[in-house]
Every structure is written in structure tokens, then in C-alpha cells.
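Examination of the molecular architecture
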Amino acid sequence: MSNAMSFVENAEWLEFVSLLNVSSIDMFYVDPPFNTGKKQSGNAGSYQDSWATTDAWVEWFTERIAATIPKIKETGSLLIHVDWRTSHRVRMVLDQLLGEDRFVNHLVWRYGLGGSSPRRFARKHDDILFYCIDPKQYYFEPPMVPATSNRLKGKLKKATDVLDIPTLNNMADERVGYPTQKPLALLELLIGACCPANGLVYDPCFGSGTTLVAAKKTGRRYCGCDQNPQAVKVAQSRLAEID
Ligand SMILES: C[S@@+](CC[C@H](N)C(=O)[O-])C[C@H]1O[C@@H](n2cnc3c(N)ncnc32)[C@H](O)[C@@H]1O
């Protein structure tokens with residue numbers, strides 16, 4: 001498959017990754033099903049998010065991430081977007097496949113929406129595990145965000161590992177009706193930090209195409225797949241709108 005162009009496919013992660021050239025990806029990002037045990041539904045599509053056990057999800061994930069690692073450049077990185085259900089297991093898988101010294105950050109995407117519970121602290125964040133292929137060579141450009149302290153008000157400061165980015169509410173303009181759609185601002189920040197200009201971003205579970213749209217808007221190339229034809233339709237129409 002050519003490295004020069006951007007492309008999206010209706011395909012399964014494992015099948016699609018086998019088509020990619022070795023050491024061709026600058027930034028790998030995946031927001032896989034979280035194993036919520038539910039069918040995720042929206043006006044523009046739905047997908048099953050249920051495995052029999054956490055072990056079964058980990059087995060599914062491990063096979064695919066192991067096949068993906070050789071396709072990432074020495075200067076490249078991996079960002080795995082999960083939550084409390086699997087982040088502890090994903091970290092162990094990546095430590096084993098890549099080595100503990102390849103771990104860079106455990107990013108916390110803190111958002112406001114979501115329920116509360118009388119039995120525990122409200123769960124208001126996702127986990128994004130950031131690993132590199134080579135600790136001496138990986139690309140990183142620290143993202144700048146507005147400072148919040150009184151002393152630095154109006155200035156920018158380097159982002160920390162806690163990312164305060166609002167999740168999409170029901171009225172958000174960018175909402176396309178695909179379930180579990182992530183905000184463009186989150187993906188633009190991650191891509192700006194981890195992928196050089198004109199680099200190649202790969203997302204094998206792109207859903208509504210947020211990663212691809214963010215890559216295109218920020219001057220990166222992109223490739224990816226989703227096994228759900230509804231997702232591919234939504235992503236293609238979002239990408240066409242940028243043209
Ligand atoms: C959490 S959603 C991604 C949402 C996306 N980040 C967005 O902003 O819209 C996960 C996606 O993974 C897809 N998916 C699940 N298993 C897959 C597999 N084995 N190969 C390719 N896509 C898969 C689902 O169809 C779903 O669209």
C-alpha cells in the first residue's frame with residue numbers, strides 16, 4: 001500500500017494492518033470498544049461493545065496491537081484510548097510487548113459529562129496510554145494550552161498529563177450522531193504533539209472519523225479502517241466536508 005496518500009477502508013483491524021508497510025506509521029491512535037457490555041447506538045450508526053470477559057477483550061486487543069507494532073516507525077508513538085475497565089490490562093500488555101521503558105505518559109482526558117453514583121466517586125475521565133517505539137528518537141512537540149492560574153492568565157503553558165477538554169454535548173455542532181464520538185479538540189492536540197507535519201496517522205477503529213478529520217485539518221496524512229460500514233460512510237462524509 002502506498003505511503004504517499006491518505007485512505008480509509010471498511011475493514012477489520014487485523015486485516016487492514018496486514019496491508020500497511022513496515023515502519024510506515026508516525027502516530028498510532030486507537031479508541032477501541034471499551035467492553036461496556038452494551039450495544040452502542042446513535043442516529044448515524046451502532047456497534048457491539050461486548051466481550052464475554054475482560055480476558056477475552058485483552059486477547060482480542062493483544063493480537064491486534066502485536067500485529068500493529070512492526071508497522072510503526074522508530075520515531076513513532078502509540079496512543080491507546082481506553083478507560084477504567086481495561087487501562088490496567090492494556091498497560092501490562094504494552095509493557096510486555098514493547099518494554100516498560102517505552103512507556104511515556106498515562107494521559108487523563110477529564111470531561112464533565114456523565115452520571116454520578118452514591119456508591120463510588122463519579123467516573124469522569126478516560127485513560128490514554130502513550131508509548132513510544134524508541135525512547136531516544138520519538139517525535140514530541142509539547143502542546144500549549146491556556147494557563148489557568150491568576151499569575152499566568154491570558155498566557156499559554158505546556159499541557160500536563162491531565163487534559164481538560166469538554167466532551168461533546170447533545171447540541172455540539174461537530175456531533176454527527178455516531179456513538180462514542182470523541183471531540184476534535186482532543187485529537188488535534190494529540191496529533192499536534194505526537195505526529196510531525198505531513199506524518200502518517202493510523203486509526204484502525206475510526207468510528208465517525210474524528211482522528212482522520214483532525215489529521216487532515218492539521219496537515220497530516222491519515223489511514224484507517226472500521227469494520228462498520230455506517231462508520232465508514234460518516235467518516236468519508238466528514239472528510240469530504242473539509243475539501
Ligand atoms: C469507540 S468507537 C470509535 C469512535 C471514534 N474515536 C470517534 O471519535 O468517532 C470504536 C469503533 O471500533 C469499531 N470496531 C470494533 N471492532 C473493530 C475491529 N475489529 N476492526 C475495525 N473496527 C472495529 C466499531 O465499529 C466502532 O466504530
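What comes next concerns the included structure. Keep in mind the model is a prediction, meaning the values are calculated, not measured.

Criteria and cut-off values
Residues numbered from 1 in each chain as written. Predicted model: local features only at pLDDT ≥ 70, side-chain atom pairs only at ≥ 80, totals over all residues. Core = buried A, V, L, I, M, F, W, Y, C linked by C-beta atoms within 7 Å. Buried ≥ 20, exposed ≤ 12 C-beta atoms within 10 Å, placed from the backbone. Contact = placed C-beta atoms within 7 Å. Helix = DSSP H or I, 4+ residues; strand = E, 2+ residues; numbered from the N terminus. Expected span 1.5 Å × (residues − 1). Arc of directions from axis to C-beta. Axes fitted to C-alpha atoms, helices over the stretch in contact; angles between N-to-C directions. Left-handed = near helix turned anticlockwise from the far one by under 90°. Nonpolar A, V, L, I, M, F, W, Y, C, P; charged D, E, K, R; others polar.

**Re the nonpolar core**
Counting residues in hydrophobic clusters, the biggest one holds 56 residues, and the most contacted among them are Met27, Phe28, Leu79, Ile80, Leu190, Ile191 and Val201. Ignoring anything within four residues of it in the chain, the contact list for Leu190 reads Tyr29 and Leu79.

**Focus: helix α2 (residues 54-68)**
With 15 residues, α2 extends 21 Å from end C-alpha to end C-alpha; this agrees with the ideal 21 Å at 1.5 Å per step. Here α2 has its buried residues at Trp57, Phe61, Ile65 and Thr68. For α2, the arc enclosing every buried residue in end-on projection is 50°, short of the 170-degree limit, so these residues lie on one face. Of the residues in α2, the exposed ones pointing more than 90 degrees away from the buried face are Asp55, Ala56 and Glu63.

**Some words on the packing of α2 against helix α3 (residues 87-98)**
For the pair α2 and α3, the least separation of the axes is 10 Å and the interaxial angle reads 35°. Along this stretch, α2 crosses α3, giving a crossing that reads as right-handed. Contacts from Thr54, Val58, Phe61, Thr62, Ile65 and Ala66 in α2 reach Arg89, Val90, Val93 and Leu97 in α3. Here the residues of the contact of α2 with α3 sort into seven nonpolar, two polar and one charged.

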